[in-house]
Amino acid sequence: DVKVTQSSRYLVKRTGEKVFLECVQDMDHENMFWYRQDPGLGLRLIYFSYDVKMKEKGDIPEGYSVSREKKERFSLILESASTNQTSMYLCASSPYRTRTGQGYTFGSGTRLTVV
Amino acid sequence: AQSVTQLDSHVSVSEGTPVLLRCNYSSSYSPSLFWYVQHPNKGLQLLLKYTSAATLVKGINGFEAEFKKSETSFHLTKPSAHMSDAAEYFCVLSLKSYGGSQGNLIFGKGTKLSVKP
């Protein structure tokens, strides 16, 4: 089975800290995604990447950046964490550039609290 | 514009009774639609998918959904709820635009299903 692993299940960070959320997939998928999940809002796309060193903004990129130096790893970076970035962050990958949206696999999520 | 609307934020049923979770969509293109389930403290799991084949789609754990183009709906049903079905369910639309965003997913806001004994 495809596995998407997020390095931390829970994180607590202070306001202003630089925060790295790491995601690794083990099936050579081209596409990787970072979502943010908030109660009553569903999942919202922050950034995605279709290839190494390639990134595209999603719906809510403000306050975030990403890095994809290797195909299997996609990092989400909060340059200066703020309390409104307290949320659940989900990483996903999919195996091809598809028009049908199939083949997504999600990680278990990182619950980030900024204090 | 493409969007997904889940009509109920919370649904409560008794064990053994039918489940209906409602979803409407808006899409400029022929849509691909999915239902995902998220159990507490778990990642998202694909329940079923519609990609322009049969309009009645069967998924895992006894769930099914019917694509109705005339009503722009993709409601999720199950004949008999089980306690283990208690979770949050997301209706999801796949973007069929061009360029970098093709294949990206648009999520509904979720419906929390509670199952009473």
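Structure report, in brief. (Residues numbered from 1 in each chain as written. Chains lettered and ligands numbered in written order. Predicted model: local features only at pLDDT ≥ 70, side-chain atom pairs only at ≥ 80, totals over all residues. Heavy atoms only, no water.)

### Some details on the pattern of salt bridges
Within this structure, the stated rule accounts for ten salt bridges over all chains. Between E79 of chain A and K18 of chain A there is a salt bridge, and its shortest N-O distance comes to 3.6 Å. Of the two residues, E79 of chain A is situated in the loop between β8 (73-78) and β9 (87-94) and K18 of chain A in the loop between β2 (10-13) and β3 (19-25); the sequence distance between them amounts to 61 residues. When the shortest N-O distance is used, the salt bridge between E64 of chain B and K58 of chain B registers 2.8 Å. Classification of K58 of chain B as exposed rests on a relative accessible area of 63%. Salt bridges sharing common partners tie together D28, E30 and K71 of chain A. (Salt bridge = Lys/Arg side-chain N within 4 Å of Asp/Glu carboxyl O. Helix = DSSP H or I, 4+ residues; strand = E, 2+ residues; numbered from the N terminus. Buried < 20%, exposed > 50% of the residue type's maximum accessible area, 1.4 Å probe, protein only.)

### Observations regarding the sheet that holds strand β1 (residues 4-6) of chain A
Residue and element names in this part refer to chain A. Ordered in space as β1-β3-β8-β7, the four strands form an open sheet in which the pairing is antiparallel. Single-partner strands in this sheet number two, and they are β1 and β7 (64-70). Each adjacent strand pair in this sheet contributes to an overall mean axis angle of 20°, direction not counted. Bridge analysis of β3 against β8 gives six bridges, and the strand direction is antiparallel. (Pairing = 2+ DSSP bridges. Axes fitted to C-alpha atoms, helices over the stretch in contact; angles between N-to-C directions.)

### Section: the packing of aromatic side chains
Tallied over the entire structure, the rule returns 18 aromatic pairs over all chains. Centre to centre, the rings of Y35 of chain A and F107 of chain B are 5.3 Å apart; their planes meet at 75°, and the pair counts as edge-to-face. Highlighted residues: Y35 of chain A in strand β4 (residues 31-38) and F107 of chain B in strand β11 (residues 105-107), drawn from two different chains. The exposure classification of Y35 of chain A matches that of F107 of chain B, with both residues buried. An aromatic cluster is built from F33, Y35, F48, Y50, Y104 and F106 of chain A together with F34, Y36, F90 and F107 of chain B, whose rings are joined through pairwise contacts. We note R9 of chain A situated over the ring of Y10 of chain A; from NZ or CZ to the ring centre the distance is 5.5 Å. (Phe/Tyr/Trp six-rings, centres within 6.5 Å; stacked < 30°, edge-to-face > 60°. Lys NZ or Arg CZ within 6 Å of the ring centre and 35° of its normal.)

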